[in-house]
Amino acid sequence: MAIGIGRQSGEERRSESRRTLERRVYVRASPRFVWAALHEPTAFSGLFPELHLGPAGPSWPAGGAERFGEAHLGLLRVPVRVESLEARPNRAFRLAVVADEFWFDWAWRLEPLAGGSRVVHSGVFASPDRLAGFLARLGRSSFETFAETHLRALKERAEALAAADPAA
């Protein structure tokens, strides 16, 4: 009997709910300020209201660094592990939010543009657990809403940091 490596059966494909998105926003601040706003410890809860994490270790946001906490998605409250997958200062950041019931893969690309920055925020959400996927969709939050909240908060914070910097 031949086994196809990397292939999922029809049953496995149907059981995993997977969504992707990409959003773009122009920020009136250089990528340096956007990067700083993305990693400012005091602003984390505003940028990621769906995540309630413990304090960051000294290596955060370096690639491979981890944080632990809880995710609040709709009616779903579950422990999560957040791992920094890519951290290129002033250019790109990517992290994974992993739980038994779902996973997110969030990415930000920072591109200098017309004296400011274009921020491209993309993500993938997958949930192999149908009940968890249903509970996560209940309430006022959705995968798309989270991305828009991330970008709105990031834009506000980065522009405030740039305005407060006398050298900017």
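Higher on the page you've got the structure.
Residues numbered from 1 in each chain as written. Predicted model: local features only at pLDDT ≥ 70, side-chain atom pairs only at ≥ 80, totals over all residues. Heavy atoms only, no water.

Undergrad: Whenever I open this one, the overall build of the protein confuses me. Can you help?
TA: Counting its secondary structure elements, the protein contains five helices and seven strands. Ordered by position from N to C terminus, the α and β elements of the protein give α-β-α-α-β-β-β-β-β-β-α-α. A buried classification covers 40% of the 168 residues belonging to the protein. Long-range pairs, those at least 24 residues apart, make up 56% of the contacts in the protein between residues at least 6 apart in sequence. Entry remark: accessible area of the protein is about 9,400 Å², with carbon and sulfur atoms responsible for 53%. (Helix = DSSP H or I, 4+ residues; strand = E, 2+ residues; numbered from the N terminus. Buried < 20%, exposed > 50% of the residue type's maximum accessible area, 1.4 Å probe, protein only. Contact = heavy atoms within 4.5 Å. Areas by Shrake-Rupley, 256 points an atom, 1.4 Å probe, with all protein chains shown as cover.)

Undergrad: For this particular structure, what's the right way to read the side chain of Glu159?
TA: By the element assignment, Glu159 lies in helix H5 (residues 143-164). Judged by relative accessible area, Glu159 falls into the buried class, the value being 18%. Side-chain polar atoms of Glu159 contact the backbone nitrogen of Arg28, separated by 2.9 Å. Once you skip the residues sitting within four places of it in the chain, Glu159 turns out to touch Tyr26, Val27, Arg28 and Ala29. (Polar contact = N/O pair within 3.5 Å; in protein donor to acceptor, adjacent residues only side chain to side chain.)

Undergrad: Explain the nonpolar core here, please?
TA: The tendency in soluble globular proteins is for nonpolar side chains to be buried as a group. Core analysis: the largest hydrophobic core is formed by 42 residues, its most contacted members being Val80 and Phe102. Apart from residues lying up to four places away in sequence, Val80 is in contact with Leu51, Leu53, Arg67, Phe68, Gly69, Glu70, Ala71, Val97, Val98, Ala99 and Phe102. (Core = buried A, V, L, I, M, F, W, Y, C linked by side-chain atoms within 4.5 Å.)

Undergrad: Even after reading the chapter, I still don't get the packing of helix H2 (residues 31-39) against H5, so can you show me in this structure?
TA: Two packed helices can be described by the angle between their axes and the distance between those axes. Where H2 meets H5, the axes come as close as 8 Å, and the angle between the chain directions of the two elements is 120°. Regarding the angle of H2 to H5, the classification is oblique. When the axes of H2 and H5 are compared, the crossing they make is right-handed. Counted together, Phe33, Val34, Ala36, Ala37 and Leu38 of H2 and Leu154, Arg157, Ala158, Leu161 and Ala162 of H5 form the full contact between these two elements. Partitioned by chemical class, the residues of the contact of H2 with H5 number nine nonpolar, no polar and one charged. (Axes fitted to C-alpha atoms, helices over the stretch in contact; angles between N-to-C directions. Parallel < 35°, antiparallel > 145°, perpendicular 65-115°, else oblique. Left-handed = near helix turned anticlockwise from the far one by under 90°. Nonpolar A, V, L, I, M, F, W, Y, C, P; charged D, E, K, R; others polar.)

Undergrad: I'm lost on the sheet that holds strand E5 (residues 92-98) in this one. Help?
TA: Hydrogen bonding along the main chain pairs the strands of a sheet, whether they run parallel or antiparallel. Reading across from one edge, E1-E7-E6-E5-E4-E3-E2 is the order of the seven strands in this open sheet, with antiparallel pairing throughout. Looking at which strands have only one partner, the edges of the open sheet turn out to be strand E1 (17-27) and strand E2 (51-53). Across the sheet, the mean angle separating the axes of adjacent strands is 25° when strand polarity is ignored. Here three bridges tie E2 to strand E3 (residues 66-73), and the two strands are oriented antiparallel to one another. Paired with Leu51 across the bridge in E3 is Ala71. Here H2 sits on the sheet and contacts E1, strand E4 (76-88), E5, strand E6 (103-113) and strand E7 (116-127); the angle it forms with E6, its principal contact strand, is near 155°. (Pairing = 2+ DSSP bridges.)

So yeah, pure geometry; function would need other evidence.
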